[in-house]
Amino acid sequence: WSSDVCSSDLHDIRHFLTTDRVVVYQFKSNWSGTIVAESLEEGCQSLLGKEIRDEYFAEHLIEPYRNGRIQVTDNIYAINLTNCHINLLTQIEVTALIVVPIVMGNKLWGLLSAQSYNRVRHWLPEEITILQELSKEISFAIRNSTLYEVAQEKIHSYQREQSILFAIVTGK
């Protein structure tokens, strides 16, 4: 999977949505995760490579997101978020956001998020739909990349086996 290609798509989506930042967050086995791709407006804090651990998410939100939950927040201060979430979002300069899951099969692979960092924002239904579609495209790209890598490994393994067999048969 190429984060460079994904970053290009994120750039296009960010411009289309006229938002400050769009990121892809990939989970690790312990449900912490890393920002693996992003597009951001000049002056916006880069999160690329940042590891984020959210205990509340790990305990309460994995299943809902795996089952398609979408979080749409126009203003983090106007809804009932936990203090830890408000602190986390403030630390990474987020005031409004959309979060959609990236699901591969039955596995929650990561999250795609469009974010506004300096203003409250009302998100439109078509903006949410666009992010959902991009999430599906990212999932498809990851799946294809994984299949390609597996195929390449099998080809290399087969070539090694053929070399060994050739050496045994020919004595070379």
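Heads up: these notes are all about the structure in this document. (Residues numbered from 1 in each chain as written. Predicted model: local features only at pLDDT ≥ 70, side-chain atom pairs only at ≥ 80, totals over all residues. Heavy atoms only, no water.)

## Overview of the packing of aromatic side chains
Aromatic rings in a pair are described by how distant their centres are and how their planes are angled relative to each other. Where we set the bar: Two rings from Phe, Tyr or Trp (for Trp, the six-membered ring) form a pair when their centres sit within 6.5 Å of each other. Planes less than 30 degrees apart are called stacked, planes more than 60 degrees apart edge-to-face, and all others tilted.
Counted under the stated rule, the structure contains four aromatic pairs. Of the aromatic side chains, those joined through ring pairs into one cluster are Tyr25, Phe27, Trp31, Phe57 and Tyr65.

## A short note on helix α4 (residues 83–91)
Here is the rule: Relative accessible area decides the class of each residue, using a 1.4 Å probe on protein chains only: under 20% of the type maximum gives buried, over 50% gives exposed, and in between gives partly exposed. Helix numbers and strand numbers start at the N terminus; a helix is a DSSP run of H or I with at least 4 residues, a strand a run of E with at least 2. The arc in question is the one spanned by the directions pointing from the helix axis to the C-beta atoms. Residues count as neighbours in contact if any of their non-hydrogen atoms are within 4.5 Å of one another.
For α4, the set of buried residues is His85, Ile86, Leu88 and Leu89. Down the axis of α4, the smallest arc covering the buried residues is 165 degrees, so these residues share one side. Across α4 from its buried face, at more than 90 degrees, point the exposed residues Asn83, Asn87 and Gln91. Among the structural elements, β3 (51–52), α2 (55–60) and β5 (96–104) are those in contact with the buried residues of α4. The positive-phi residue at the C-terminal boundary of α4 is Glu93, with phi of around 60 degrees.

## Remarks on the pairing of strand β6 (residues 107–116)
The condition that has to hold: The criterion for strand pairing is that DSSP finds at least two bridges linking the strands in question.
Summarising burial for β6: nine of the ten residues are buried, a large majority. The pairing of strand β1 (residues 21–27) with β6 spans six bridges and is antiparallel. If you follow Val23 over to β6, its bridge partner there is Ser113. Pairing analysis gives nine bridges linking β5 to β6, with the strands arranged antiparallel. What sits directly across from Ile102, in β6, is Gly110. Between β5 and β6, which pair antiparallel and follow one another directly, the connecting turn spans two residues, one of which, Gly105, has a positive phi of 65 degrees.

Geometric values such as these leave the question of function open.
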